[in-house]
Amino acid sequence: MTEETTVPLKIVVLVKHVPDVQFDRHIDSASLRLDRSESVLSELDEYAVEAAVALVESQGGFAAGHEVIAATMGGKSASNSVKKALQMGASSGLHLNDDALAGSDTVATSKALAALIEHVGDVDLVVTGMSSTDAETSVVPAQLAERLNFAQLTNALAVEFDGASRELTVRRDHADRTLSLTAALPAVLSVTDQANEPRYPNFKAIMAAKKKSITEVDLAGIGLEAETVGASGSRSVVLNATARPAREAGTVINDSGQAGIALVDFLAEQKLI
Amino acid sequence: MPSALVFFNELSDAPSKAQRELLTLASRFDRATLAVASEVPQFAQDVISGYAVDKLLIAPGNSDAFIDHALSALAAAVKRSEADVVLVANDNFHREIAARLAVRLDGAVITDAIDVSADLVVTKDELAGSYSAQAKATNGTLFVTVKPNSIEDAPQAQGQQLEVQPLDCEAAATPAIRIVATEAKAASDRPKLTEARVVVAGGRGVNGDFGPVEDLADALAGAVGASRAATDAGWISHDAQIGQTGVTVSPQLFISAGISGAIQQKAGMQTSKCIIAINKDVDAPVFEIADLGIVGDLAKVLPQAAEEIRRRQA
Ligand SMILES: Cc1cc2nc3c(=O)[nH]c(=O)nc-3n(C[C@H](O)[C@H](O)[C@H](O)COP(=O)(O)OP(=O)(O)OC[C@H]3O[C@@H](n4cnc5c(N)ncnc54)[C@H](O)[C@@H]3O)c2cc1C
């Protein structure tokens, strides 16, 4: 990061409101949808917010005119995740709120998000986490790159931005090697939990976030027909979902000097050696 | 009856276990084509001919651009094979190209599959393996990413006649991503973590010394894994990390040593067939899912177990 860019950057960071992994998560057996009460900002999106805000800070900060728009799609409560991103330093919020989005698979989700980003207009960089912690597909960032015709820099272990050339360089694991990849903006960047250490919003940041705006739009507002997203716009359908029986605790023994032998006896009993 | 396409980005060596599992899965379909986006050495072709694959399409590419060639090769292979289902590995790279093409061709993509039936119903894991779901495509080509260790590798043995053809690809239309540096990862003689029958994993409790974990893994011919606390501390490479942001394993046997069993860690190992946990703390959450729990010091238990295995095998 040698020189700062003189042209302000418009960054959209995508945040997802997901069921908290610390609680038991349920798929409803009738609707086959995930129970979304007790939801929070996906932990992995915190790394995305941090990457976007840190990038702006390395380029003269928000005073230089850069923008970090925290955007989400989903029902009413999803705006809580946008609020959290504002507390972490994003400059404004955007919420695509429409009931017709429910039940979208990745193909439909990426369609809605691409339309939202096009609606924002002149976006230089889209930043996301490596995966949502609910569906865990990790494919929406790549699908956005495909739809927007942006460079795909995904699963970044480390990120560097050169303001003078306006090029991003990331490190990423690929088969039996680690690659350094460079591309010019516009780009879609997804970051892993190796990329940074997300900041913890302090009191001042929480107060400052209250003054930031969250714009709400619906599908009509971004020019999408309801049938092209949600269940009708999806290309896959879930037929059934069953909870696997929870694993039960087996025998617990205390080591009184012979537990290593007991371990091997157990392996022999289970025919594992 | 539907036809299948299997796609590998690389095949510079003999097919890996996960790749052979994909070839086995493909043989359930009416016709099976394999497309590879790199050169395929003769010995690898010999292994492939042991599976019910009718055709091998080869598209060697350039190596200084990222993703373009794989996307073009897969697009060309889908067109050439006219396959109904495309089977790829579950790693990030293959997931991403499959998902991009699903968008490009208005098809479907389903990840984390553990099975695909002959009528294209996909069985998959949800919520880190706590649910099993079935899903199918409603439109267009179905792209499926299949988890390793889900399908039993079963070559058909009858040395089939394998038709090998070059695959022509169109030039890439995607924004350029340059590979500006490449670092090879240290090679290991141990089995690959995602494919191993046995995994021995260490956490913060190893306190900097993976020696006892590696020793027991070697006695069991297994792979070595780790918790994020251990990889973050730099005691072992990040590649060994098991969990939500590391690799997912489901071996026959998983031995957890000095790992508390946080939810993000369990996410990567709870589908293991048998779990043994060694932890000093009787309240460690890992004991809730262990078939055998040992409350004790891993520095004593692991070496004793390794020695006992070697003694019995001698
Ligand atoms: C977004 C996110 C993603 C994450 N992804 C992952 C992931 O993919 N994988 C992962 O592992 N974690 C992940 N984590 C971290 C996870 O939450 C835990 O912090 C981590 O797994 C703890 O590692 P540990 O069990 O080794 O360490 P600790 O929780 O510190 O536990 C160490 C254990 O070792 C025991 N012990 C100590 N000494 C000995 C001894 N001599 N003999 C026997 N037992 C001993 C202790 O009793 C203790 O239970 C993630 C966290 C976040 C927020």
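Basis of the calculations
Residues numbered from 1 in each chain as written. Chains lettered and ligands numbered in written order. Predicted model: local features only at pLDDT ≥ 70, side-chain atom pairs only at ≥ 80, totals over all residues. Heavy atoms only, no water. Near = heavy atom within 4 Å. Polar contact = N/O pair within 3.5 Å; in protein donor to acceptor, adjacent residues only side chain to side chain. Areas by Shrake-Rupley, 256 points an atom, 1.4 Å probe, with all protein chains shown as cover. Helix = DSSP H or I, 4+ residues; strand = E, 2+ residues; numbered from the N terminus. Buried < 20%, exposed > 50% of the residue type's maximum accessible area, 1.4 Å probe, protein only. Contact = heavy atoms within 4.5 Å. Pairing = 2+ DSSP bridges. Axes fitted to C-alpha atoms, helices over the stretch in contact; angles between N-to-C directions. Buried area = accessible area lost by both parts, 1.4 Å probe. Salt bridge = Lys/Arg side-chain N within 4 Å of Asp/Glu carboxyl O. Nonpolar A, V, L, I, M, F, W, Y, C, P; charged D, E, K, R; others polar.

Moving on: the site of the ligand. Taken together, 27 residues sit near the ligand, with Arg204, Ser227, Gln241, Ser260 and Asn279 of chain B positioned nearest. Surrounding the ligand are residues belonging to chains A and B, so the site spans chains. In this structure, an oxygen atom belonging to the ligand sits 2.5 Å away from a side-chain N or O atom of Ser227 of chain B. At a separation of 3.1 Å, an oxygen atom of the ligand approaches a polar backbone atom of Gln244 of chain B. The fraction of the free accessible surface of the ligand (980 Å²) that becomes covered by protein chains is 80%. Looking at the shell around the ligand, the elements that each hand over two or more residues are α1 (43-57) of chain A together with α6 (228-232) and α7 (263-266) of chain B.

This part is about helix α1 (residues 17-26) of chain B. All names here are of chain B. Of all 10 residues in α1, 7 are buried; the element is thus mostly enclosed. All of the buried residues in α1 are Gln19, Glu21, Leu22, Leu23, Thr24, Leu25 and Ala26. Its buried side turned inward, α1 meets β1 (4-8), β2 (32-36), α2 (42-48), β4 (85-89), β5 (108-116) and β8 (142-146).

What follows is about the sheet that holds strand β13 (residues 253-257) of chain B. Strands sit in the order β14(A)-β15(B)-β14(B)-β13(B)-β11(B)-β12(B) across an open sheet of 6 strands; the sheet is parallel. Sheet topology places β14 (251-254) of chain A together with β12 (223-226) of chain B at the edges, where each strand pairs with a single neighbour. The sheet shows a mean angle of 20° between the axes of neighbouring strands, taken without regard to direction. Inspection of the sheet shows β14 of chain A paired to strand β15 (residues 292-295) of chain B by 4 bridges, in the parallel sense. When the bridges of β15 of chain B are listed, Thr251 of chain A appears paired with Leu292 of chain B. Running at roughly 175° to strand β11 (residues 198-202) of chain B, helix α5 (residues 211-219) of chain B makes contact with β11, β12 and β13 of chain B of the sheet. Helix-sheet contacts for helix α8 (residues 298-313) of chain B involve β13, β14 (274-279) and β15 of chain B, and the interaxial angle to β14 of chain B is about 135°.

We now examine the side chain of Thr231 of chain B. Residue and element names in this part refer to chain B. Looking at where Thr231 falls in the secondary structure, it is placed in helix α6. A distance of 3.1 Å separates the side chain of Thr231 from the backbone oxygen of Arg228, its partner in a polar contact. Contacts of Thr231, omitting those with residues within four sequence positions, involve Ala226, Ile236, Ser237, His238 and Gln241.

So, about the sheet that holds strand β7 (residues 131-137) of chain B. In space, the 10 strands of this open sheet follow the order β13(A)-β7(B)-β6(B)-β5(B)-β8(B)-β4(B)-β1(B)-β2(B)-β3(B)-β9(B), with mixed pairing throughout. Where the open sheet ends on each side, the last strands, each with one partner, are β13 (236-243) of chain A together with β9 (163-166) of chain B. Neighbour-to-neighbour, the strand axes of the sheet open up by a mean angle of 35°, direction not taken into account. Both β5 of chain B and strand β6 (residues 122-126) of chain B contribute to a ladder of 3 bridges, which runs antiparallel. When the sheet's bridge partners are listed, Ala113 of chain B is paired in β6 of chain B with Lys124 of chain B. Strand contacts of helix α3 (residues 68-81) of chain B: β1, β2, β3 (55-58), β4, β8 and β9 of chain B, with the helix running at about 160° to β1 of chain B, the strand carrying the most contacts.

Here the focus is the interface of chain A and chain B. Contact residues are listed per partner, giving 81 residues for chain A and 87 residues for chain B. Across the chain A to chain B interface the summed buried area is about 7,300 Å²; carbon plus sulfur atoms make up 53%. When residues of chain A are sorted by the area they lose upon contact with chain B, Arg235, Arg244 and Arg247 of chain A head the list and together hold 12% of the total. Applying the counting rule to chain A against chain B returns 12 salt bridges. In this structure, Arg247 of chain A and Asp291 of chain B form a salt bridge, with 3.2 Å as the shortest nitrogen-oxygen distance. At the junction of chain A and chain B, the tally comes to 51 residue pairs in polar contact (both at pLDDT 80 or more). Broken down by element, the side of chain A that touches chain B gets its largest block of residues, 9 residues, from helix α7 (residues 259-269) of chain A. Residue composition of the side of chain A that touches chain B, by class: 34 nonpolar, 28 polar and 19 charged.

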